[in-house]
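Structural overview for review
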Amino acid sequence: MILSAQNIHKTINKKTILKDISLRLESGKVYGLTGHNGCGKTMLFRALSGLMRIDSGNITLDDKMLGKDFSILPELGVLLENVGLYPYLTGYQNLEYLSQFRKIVGRIEIQDALTRVGLNPNDRRVYRKYSLGMKQRLAVAQAILESPKILMLDEPTNSLDQEGVALLHQIIEEEKKRGAIVLLASHDQEIIHYLSDEIFKMDQGSIVDHWEVSK
């Protein structure tokens, strides 16, 4: 599977958000996005996923075009800031509710996703009573729940303790081995350089540098 962007551009309120971005992403690799706040990392995620329409350029998945053959990338798992989970449902109930849309996972997969991120599937606390770290773990769990072929993680280490970060490392390595395209945006340069096969540096909505990481 290949996800590619060709000369994509986006302007909001006369401000250029994404400028002439082209990239090519392959299955079984981790791609890191780095750059200061406001450089365009989150907006690029939104554009590539289909959550935000671009003004010009093309985004394709193999031989199919985003916006023409599908409105949002199929088989996508995404973690963006301010994940909209339900405050009065437990972690298990949140994932159970989300699983109803595509109906491709059941109880075993929900339990497995929670266990992978270090949460207890039998915890009866509701989401609003979770700590910030637990909320972030659940957000990661919803992203990986359906074993997506494309996984986009925006600042996934936010609020995670050392154990949570270690689990995240393991999850990303497992998703890579499974054959997913993994996109990772983080201020944590250590995780970006340790996990990524290739890194894109962004500034003012453009990719200003790109390099492969020596393993």
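Residues numbered from 1 in each chain as written. Predicted model: local features only at pLDDT ≥ 70, side-chain atom pairs only at ≥ 80, totals over all residues. Heavy atoms only, no water.

Considering the layout of surface pockets
Operational definition: With a 1 Å grid spanning the protein atoms alone, the term cavity applies to any set of points in which a 1.4 Å probe fits but cannot get out, the term pocket to an open set with protein on both sides within 12 Å along at least five of seven lines, and the term lining residue to any residue with an atom within 4 Å of a point. Grid points are joined across faces, edges and corners, and a volume is the space filled by probe spheres set on the points. A run of H or I in DSSP becomes a helix once it reaches four residues, and a run of E becomes a strand once it reaches two; helices and strands are each numbered from the N terminus. Polarity classes work like this: nonpolar for Ala, Val, Leu, Ile, Met, Phe, Trp, Tyr, Cys and Pro, charged for Asp, Glu, Lys and Arg, and polar for all others, with Gly in that last group.
Estimated volume of the largest pocket: approximately 490 Å³. As for the largest pocket, its lining consists of 18 residues, and the residues nearest its centre are Leu76, Val78, Leu98, Gln142 and Glu146. The set of elements that each furnish at least two residues to the lining of the largest pocket consists of strand 6 (76-79), helix 2 (91-99) and helix 4 (132-144). Top contributing element to the lining of the largest pocket by residue count: strand 6, with 3 residues. Here the residues of the lining of the largest pocket sort into 10 nonpolar, 5 polar and 3 charged.

What to know about helix 3 (residues 107-116)
The condition that has to hold: Relative accessibility under 20% of the residue-type maximum defines a buried residue, over 50% an exposed one, and the middle range a partly exposed one, all with a 1.4 Å probe and only protein chains included. What the arc measures is the spread of directions leading from the helix axis to the C-beta atoms. Any two residues whose heavy atoms approach within 4.5 Å at even a single point are treated as in contact.
Turning to helix 3, its buried residues are Ile110, Ala113, Leu114 and Arg116. One face of helix 3 carries all of its buried residues, which in axial projection span an arc of 165°. Facing away from the buried side of helix 3 by over 90 degrees, the exposed positions are Arg107 and Ile108. Where helix 3 is buried, its residues touch helix 2, helix 4 and helix 5 (162-178). Taken from the residues just after helix 3, Gly118 is the one with a positive phi, measuring 85°.

Observations regarding the sheet that holds strand 3 (residues 29-34)
The following threshold applies: Here a strand pair is declared whenever DSSP counts at least two bridges between the two strands. Each axis is a line fitted through C-alpha atoms, taken for helices only over the stretch in contact, and angles between the N-to-C directions span 0 to 180 degrees.
In space, the 6 strands of this open sheet follow the order 6-7-8-3-9-10, with mixed pairing throughout. Pairing within the sheet leaves two strands with one partner each, and these edge strands are strand 6 and strand 10 (206-212). Neighbour-to-neighbour, the strand axes of the sheet open up by a mean angle of 15°, direction not taken into account. Along the sheet, helix 1 (residues 41-49) makes contact with strand 3, strand 6, strand 7 (150-154), strand 8 (181-185) and strand 9 (198-203), crossing strand 7 at roughly 155°. Against the sheet, helix 4 makes contact with strand 6 and strand 7, and its axis sits at roughly 165° relative to strand 6, the strand it touches most.

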